[in-house]
Amino acid sequence: MGGTLAEQLSREDHNITVIDTKAERIRDITERCDVMGINGNGAIRSVQMEAGVEEADLLIAVTDSDELNLLCCLIAKKAGRTCQTIARVRNPHYSKEAAFLKDELGLAMVINPELAAAFEIARLLKYPKAIKVETFAKGRAELLKFRVTDGNPLVGCQLKDIPSKLHCDILICTVERGEDVAIPDGNFTILSGDLISVVSTSKIIQQKKKKMGM
């Protein structure tokens, strides 16, 4: 994971320094990417100082040890003047304490890749025809993007008629038609092939997904 992050951030022209206890990993990533490498333990202050934590904008700790990642972030917050921190935390017990850990340790973010993947799979299973699913307001609202196909009940409907047709409040915020993107008004008519983005409460979307052709 650290190698993948370093590659991506390097491609985006960020100045990256990687820290690892295994010298061969450092050699591999520095040969493949335009990054600096420090061979050492990232949970040691002197190693972080050598890596430039005092001037760093962000430290991301993604070792296999949750405790080590949290310790790395804690040291970085103390040693770095403006350094934000992100910790990979895989243990579900720690994940339940994510808000507490963020507040007490000053973390910008706690990430659990496995849990995030599980949530994404669950969303895809819930809305199999959705191209994109975003959740807002702590899960109370959702944005879904999906393509309207032949036979969809929304085909031929003007936006102003959709709330009465579905008996609920939804917002169609954008419509992509070919290469054109529209922010539609009430007189806009949905056509087969349109790629629409819908926003509403999670409860309403779940209840009305069949009527929306999902």
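In this text the structure is predicted, and so the values were computed from the model without any measurement.

Next up on the list: the confidence of the model for the protein chain. Chain-level statistics for the protein chain give a pLDDT mean of 86 and a share of 97% at 70 or above. Within the protein chain, the lowest mean pLDDT, 72, falls on helix 7 (residues 113–126), and the highest, 95, falls on strand 1 (residues 17–20).

This brings us to the nonpolar core. Counting 22 residues, the largest nonpolar core has L154, I162, I170, I172, I190, I196 and M212 as the members making the most contacts within it. Among the secondary structure elements, those contributing two or more residues to this core are strand 6 (130–136), strand 7 (141–147), helix 8 (162–166), strand 8 (171–177), strand 10 (195–201) and helix 9 (202–208). Those residues in contact with I196, other than ones at most four positions away along the chain, are L144, K145, F146, V148, L154, I172, T174, V175 and I190.

Pairing is antiparallel in the open sheet, where 5 strands are placed in the order 6-7-10-8-9. The sheet is open, and its two edges are formed by strand 6 and strand 9 (180–182), each paired on a single side. Sheet twist, expressed as the mean angle between neighbouring strand axes with direction ignored, is 15°. In terms of strand pairing, strand 6 meets strand 7 through 6 bridges, oriented antiparallel. By the bridge assignment for strand 7, T135 is matched with E142.

Turning our eyes to something else, we now look at the sheet that holds strand 4 (residues 84–88). Ordered by their spatial adjacency, 3 strands build an open sheet running 3-4-5, and the pairing between neighbours is parallel. Across the chains shown, the open sheet's two edge strands, defined by having one partner strand only, are strand 3 (58–61) and strand 5 (109–111). Between one strand and the next, the sheet's axes are offset by a mean angle of 15°, whatever the strand orientation. Here strand 3 runs beside strand 4; their pairing, made up of 4 bridges, is parallel. Within strand 4, the position partnered with L58 by the bridge is Q84.

So, about the pattern of salt bridges. Under the criterion given, the structure shown has 6 salt bridges. Across the pair R32 and E7 runs a salt bridge, and its minimum N-O distance is 1.9 Å. Remark: E7 occurs in helix 1 (residues 2–11) and R32 occurs in helix 2 (residues 23–32); sequence separation between them is 25 residues. Across the salt bridge formed by K145 and E176, the nearest N and O atoms sit 3.0 Å from each other. Taken as a pair, K145 in strand 7 and E176 in strand 8 lie far apart in primary sequence, 31 residues in all. Classification of K145 by relative accessible area gives buried; the value is 19%.

Tracing the chain through its elements places R140 in the loop between strand 6 and strand 7. Sequence separation of R140 and K203 is 63 residues, and the distance between their C-alpha atoms is 7.7 Å. With residues near it in sequence (within four places) discarded, R140 still touches T201 and S202.

Moving on: unusual backbone geometry. One non-glycine residue with positive phi stands out, namely D13, at about 70°. Residue position: D13 is located in the loop between helix 1 and strand 1.

Here we come to the pairing of strand 10. For strand 10, the tally of buried residues reaches 5 of 7 residues, placing the bulk of the element in the interior. When strand 7 meets strand 10, the two strands line up antiparallel, connected through 7 bridges. In the strand pairing of strand 10, L144 is matched with V198. Judged from the 5 bridges that link them, strand 8 and strand 10 form a sheet pairing that is antiparallel. In the strand pairing of strand 10, I172 is matched with V198.

So, about helix 4 (residues 66–79). Given 3.6 residues to a turn, an α-helix orients residues that are three or four positions apart in the same direction. The end-to-end C-alpha separation of helix 4 is 20 Å, in line with the 20 Å expected for 14 residues at 1.5 Å each. If you check which residues of helix 4 are buried, you get D66, N69, L70, C72, C73, I75, A76 and A79.

A few words now on the pairing of strand 4. Buried residues dominate strand 4, accounting for 4 of its 5 residues. For the segment spanning strand 3, helix 4 and strand 4, crossover handedness is right-handed. Inspection of the sheet shows strand 4 paired to strand 5 by 3 bridges, in the parallel sense. Across the sheet, residue A87 finds its bridge partner in strand 5, namely V110.

Rules used in this analysis
- Residues numbered from 1 in each chain as written.
- Predicted model: local features only at pLDDT ≥ 70, side-chain atom pairs only at ≥ 80, totals over all residues.
- Heavy atoms only, no water.
- pLDDT = per-residue confidence, 0-100.
- Helix = DSSP H or I, 4+ residues; strand = E, 2+ residues; numbered from the N terminus.
- Core = buried A, V, L, I, M, F, W, Y, C linked by side-chain atoms within 4.5 Å.
- Buried < 20%, exposed > 50% of the residue type's maximum accessible area, 1.4 Å probe, protein only.
- Contact = heavy atoms within 4.5 Å.
- Pairing = 2+ DSSP bridges.
- Axes fitted to C-alpha atoms, helices over the stretch in contact; angles between N-to-C directions.
- Salt bridge = Lys/Arg side-chain N within 4 Å of Asp/Glu carboxyl O.
- Expected span 1.5 Å × (residues − 1).
- Right-handed = clockwise from strand over helix to strand, strands pointing away.

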